[in-house]
Amino acid sequence: GYPDFCVFPLPGASPAVPQPISLCSGHFGVVRLCRERSTGAFYAAKLLRMRRGRPGLQRAQVEREVSILRQLQHPNILRLHELFASTAEVVLVLEL
């Protein structure tokens with residue numbers, strides 16, 4: 001996982017096999033409930049798979065979404081709180 005955030009197991013899940021709570025999923029990734037460790041605040045973690053010879057998003061598509069989210073200030077649009085990226089995936093941490 002990412003050091004500042006953790007995902008929550010589903011109610012009744014075995015502690016030996018923790019399962020994150022998925023808020024929704026799509027073709028390119030999943031949105032999971034997460035909590036910032038330092039503040040205890042809840043967020044939505046949007047995990048996006050990057051394209052590598054199979055279906056996924058191109059990095060330019062994600063960079064465009066991030067650029068737009070950083071510029072927008074609207075009560076009906078989730079604000080970008082944090083961004084994590086690796087070669088295989090990008091995680092957008094969004095306000096709930």
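Quick caveat: nothing in here was measured; it's all calculated off a predicted structure.

Novice: Would you explain the overall build of the protein chain in this entry?
Specialist: For the protein chain, the helix and strand inventory stands at 1 helix and 6 strands. When the helices and strands of the protein chain are listed from N to C terminus, the series reads β-β-β-β-α-β-β. Considering the protein chain as a whole, with its 96 residues, one finds that 27% of them fall into the buried category. In the protein chain, 45% of the contacts between residues at least 6 apart in sequence involve partners at least 24 apart.

Novice: How do you make sense of the confidence of the model for the protein chain when you look at a structure like this?
Specialist: Do not read the predicted coordinates in detail wherever pLDDT is low. Counting all residues, the mean pLDDT for the protein chain is 76, and 66% of those residues have values of 70 or more. Confidence over residues 10–14 falls short of pLDDT 50; this stretch has 3 contacts with residues more than four positions distant or in other chains.

Novice: Just to check I follow, could you spell out helix α1 (residues 59–71) for this structure?
Specialist: The end-to-end C-alpha distance of α1, which contains 13 residues, comes to 19 Å, matching closely the 18 Å that a straight helix rising 1.5 Å per residue would cover. Turning to α1, its buried residues number three or more, namely Val 62, Val 66 and Leu 69. All buried residues of α1 fall inside an arc of 65 degrees around its axis, so they share one side. Facing away from the buried side of α1 by over 90 degrees, the exposed positions are Glu 63, Arg 64 and Gln 71. Elements that come into contact with the buried residues of α1 comprise β4 (42–49), β5 (80–85) and β6 (89–95).

Novice: Help me understand the pairing of β6 in this model?
Specialist: Two faces, one strand: in a regular strand the side chains alternate between the faces of the sheet. Among the 7 residues that make up β6, 5 are buried, leaving the element largely enclosed by the rest of the structure. When β4 meets β6, the two strands line up antiparallel, connected through 7 bridges. Across the sheet, residue Lys 46 finds its bridge partner in β6, namely Leu 92. Note that β5 and β6 share 5 bridges and pair antiparallel. Looking at the pairing, Glu 82 lines up with Val 93 of β6. Counting the residues in the hairpin turn of β5 and β6 gives 3 residues.

Novice: What should I look at first to understand the nonpolar core in this one?
Specialist: As a rule of thumb, soluble globular proteins bury nonpolar side chains together. Membership of the largest hydrophobic core is limited to 9 residues, which are Leu 48, Met 50, Val 62, Val 66, Leu 69, Leu 80, Val 90, Leu 92 and Leu 94. If you list the elements that add at least two residues to this core, you get α1 and β6. Val 30, Cys 34, Leu 47 and Val 93 belong to the second largest nonpolar core, which has 8 residues in total.

Novice: Before we go on, may I ask you to explain the environment of Gln 71 in this structure?
Specialist: For Gln 71, the location among the structural elements is in helix α1. Of note is the side chain of Gln 71, whose polar atom sits 3.3 Å from the side chain of Ser 67.

Conventions and cut-offs
- Residues numbered from 1 in each chain as written.
- Predicted model: local features only at pLDDT ≥ 70, side-chain atom pairs only at ≥ 80, totals over all residues.
- Heavy atoms only, no water.
- Helix = DSSP H or I, 4+ residues; strand = E, 2+ residues; numbered from the N terminus.
- Buried < 20%, exposed > 50% of the residue type's maximum accessible area, 1.4 Å probe, protein only.
- Contact = heavy atoms within 4.5 Å.
- pLDDT = per-residue confidence, 0-100.
- Expected span 1.5 Å × (residues − 1).
- Arc of directions from axis to C-beta.
- Pairing = 2+ DSSP bridges.
- Core = buried A, V, L, I, M, F, W, Y, C linked by side-chain atoms within 4.5 Å.
- Polar contact = N/O pair within 3.5 Å; in protein donor to acceptor, adjacent residues only side chain to side chain.

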